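Residues per chain, in single letters:
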Amino acid sequence: MKKERIINFLQRAILVFLILYIVLPLLVPVIYSFSTSWMDILPEGFTVQWYLKIFERPKYYQGLVTSLLVAFSAVALDTFICVPAAYAINRLRGRIGEFLGSAFKIFPLLFPPIVVGTGFVQAFNRPPLALSGTVILAVFAHATLGFPYMFRNVLAAFQTIDERTLSEAAASLGANLWQRFRYVLIPNVTSGILSGALLVFALSMGEFEVTTMIAGFGWRTMPLLLYRSLIDDIRAASAISGILIATSIAAFIGMTILSSRVGGGKVQTEEGMRR
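Quantities reported herein were computed from a predicted structural model and do not represent experimental measurements.

A separate point is the packing of aromatic side chains. The full count for this structure, using the stated rule, is nine aromatic pairs. Both rings, one in Phe17 and one in Tyr21, keep their centres 6.0 Å apart while their planes meet at 25 degrees; by these two values the pair is stacked. Residue Phe17 and its partner Tyr21 are both found in helix H1 (residues 2-34); the two are separated by four residues, about one turn of the helix. On the basis of relative accessibility, which here comes to 53%, the residue Phe17 falls in the exposed class. With a relative accessible area of 58%, Tyr21 lands in the exposed category. Measuring from centroid to centroid gives 5.6 Å for Phe34 and Phe46, while their planes differ by 0 degrees, and the two rings are stacked. In this pair, Phe34 sits in helix H1 while Phe46 sits in the loop between H1 and helix H2 (49-56), placing the two residues twelve residues apart along the sequence.

This is how it looks when you write it as structure tokens:
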């Protein structure tokens, strides 16, 4: 009995330590962003003026708009590329399909972001592709970083359905390739697309390294403003941290909900096949 109690105590202590180790550094800037002052151990007062400041000052407001524009554009670009790519890879059989699927899932993750940023700066620094310092290049870079996350979720969604049977059934009813893709396949993989979109969006909103290398002087995203505000305005930096943390948490919750729906869809598909 004593040995079991000791083991249970150690397990709980390790769990508490891990929670504090991970959560505490994230909670400190959020708590600080809602406090009027924090001179002692505990913060004093409650205020939202630091968040209102982000919307009142043009540079913060423009940074938020730029971050949202880049994030949504990166999601749209990844969706446009990953859905057909995942469909094509899913239809391949054998070692080639497995190799390409695994490569697309992890290949962009093998390189550090600073290497990706260097590649974009060098590749798009001369005519006719002189896009260095533009928001368009940021969209391309963020979409590249988010590609494996979108592709992984969409491919997993395709693999949970009997895509060939559905396509053949639709073709037998006279549906062409576009109609099969639009009205049959896409509705069955919507959860995977949305899960990937949430991941790409959260990744883009918090991306700093590559954005620092390719950003010009005419625009700034929220992470870049956060870095500058650490020196100039720590309160605004805390509010920006709160916004980015809330975005990541919302993406995680949405991904968890959609993943559970994908699992439910798989069970229904398998039951339908049995019938």
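With that settled, the discussion passes to the pattern of salt bridges. Scanning the model with the defined rule gives one salt bridge in all. Between Asp233 and Lys53 there is a salt bridge, with its nearest N and O atoms 2.2 Å apart. With a gap of 180 residues between them, Asp233 in the loop between helix H11 (222-232) and helix H12 (234-274) and Lys53 in helix H2 connect regions that are remote in the sequence. With relative accessibility at 14%, the residue Lys53 sits in the buried group.

Time to look at helix H6 (residues 135-159). End to end, H6 covers 35 Å across 25 residues, agreeing with the expected 36 Å (1.5 Å per residue, within 8%). Its axis deflected by about 50 degrees at Gly146, H6 carries its strongest bend there, up to four residues before the proline Pro148.

Looking at where Gly242 falls in the secondary structure, it is placed in helix H12. In this structure Gly242 comes out as buried when scored by relative accessible area, which is 10%. Measuring from C-alpha to C-alpha, the distance between Gly242 and Tyr32 comes to 9.4 Å, with 210 residues separating the pair along the chain. When near neighbours in sequence (up to four residues on either side) are disregarded, Gly242 contacts Val30 and Tyr51.

How each quantity is defined
- Counting restarts for each chain: residues are numbered from 1 in the order of the written sequence.
- Reporting of local features is limited, given that this is a predicted model, to residues whose pLDDT is at least 70; pairs of side-chain atoms are given and counted only at 80 or more, and all residues count toward the totals for whole chains, interfaces and linings.
- Neither water nor hydrogens contribute to the side-chain values; these are computed over all heavy atoms in the structure.
- Think of it this way: a Phe, Tyr or Trp ring, Trp meaning its six-membered ring, pairs with another when their centres are within 6.5 Å, and the plane angle makes it stacked under 30 degrees, edge-to-face over 60, tilted otherwise.
- Secondary structure elements follow DSSP: runs of H or I no shorter than four residues count as helices, runs of E no shorter than two count as strands, and numbering proceeds from the N terminus.
- The classification of residues rests on relative accessible area computed with a 1.4 Å probe and restricted to protein chains. Under 20% of the type maximum is buried, over 50% is exposed, and intermediate values are partly exposed.
- The salt bridge criterion pairs a side-chain nitrogen of Lys or Arg with a carboxyl oxygen of Asp or Glu, the two atoms within 4 Å.
- Take the residue count of a helix, subtract one, and multiply by 1.5 Å to get its expected span.
- Bend at a given residue is defined as the angle between two axes, one fitted to the seven residues that end at that position and one fitted to the seven that begin there.
- Between two residues, a contact is recorded if the distance between any of their heavy atoms is within 4.5 Å.

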